[in-house]
Amino acid sequence: MHSKTEFSAYLVQFDKELLDLFERWRDAIKQCNSKERLMYTNWLCDFCGYVRESLIDFAEKGKLKEPLSSQ
């Protein structure tokens, strides 16, 4: 089991990676859409939808170690 300090350090690293992923995802979306479309983009909602769809796809392909929902 991990200590609280180890877990906190893990969360800090996770936050950095998540922020980096969001920034790269947002840059890609900006390149593919018009300025008018971007004005109405809900970045948080769209990003969460992207991550959710990706996780569901991973689950369907058997790429996750654990199921997405508890039994």
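Shown above is the structure to which this text applies.
A few points on the structure. (Residues numbered from 1 in each chain as written. Predicted model: local features only at pLDDT ≥ 70, side-chain atom pairs only at ≥ 80, totals over all residues. Heavy atoms only, no water.)

**Regarding the packing of helix α1 (residues 4–32) against helix α3 (residues 43–60)**
- One way to put it is that α1 packs onto α3 with a least axis distance of 11 Å and a crossing angle of 105°. Taken together, α1 and α3 sit at an angle that is classed as roughly perpendicular. Two secondary-structure elements touch here, α1 through Leu18, Leu21, Phe22, Trp25, Arg26, Ile29 and Lys30 and α3 through Trp43, Asp46, Phe47 and Tyr50. (Axes fitted to C-alpha atoms, helices over the stretch in contact; angles between N-to-C directions. Helix = DSSP H or I, 4+ residues; strand = E, 2+ residues; numbered from the N terminus. Parallel < 35°, antiparallel > 145°, perpendicular 65-115°, else oblique. Contact = heavy atoms within 4.5 Å.)

**Examining the pattern of salt bridges**
- According to the stated counting rule, one finds three salt bridges in the structure shown.
- For Asp57, the salt bridge goes to Lys61, with nearest N and O atoms at 3.2 Å.
- You can call Asp57 partly exposed: its relative accessible area is 30%.
- Relative accessible area serves as the criterion here: at 54%, Lys61 is assigned to the exposed category. (Salt bridge = Lys/Arg side-chain N within 4 Å of Asp/Glu carboxyl O. Buried < 20%, exposed > 50% of the residue type's maximum accessible area, 1.4 Å probe, protein only.)

**Topic: the environment of Asp46**
- Summarising the element assignment, Asp46 is placed in helix α3.
- In this structure, the C-alpha to C-alpha distance between Asp46 and Arg26, residues 20 residues apart in sequence, is 9.6 Å.

**Details of the nonpolar core**
- Counting residues in each nonpolar core, the largest one holds five residues, listed as Phe22, Trp25, Leu38, Trp43 and Phe47.
- Elements with a contribution of two residues or more to this core: α1 and α3.
- Leaving out residues up to four positions away in the same chain, Trp43 has contacts with Phe22, Trp25, Arg26, Ile29, Lys30 and Leu38. (Core = buried A, V, L, I, M, F, W, Y, C linked by side-chain atoms within 4.5 Å.)

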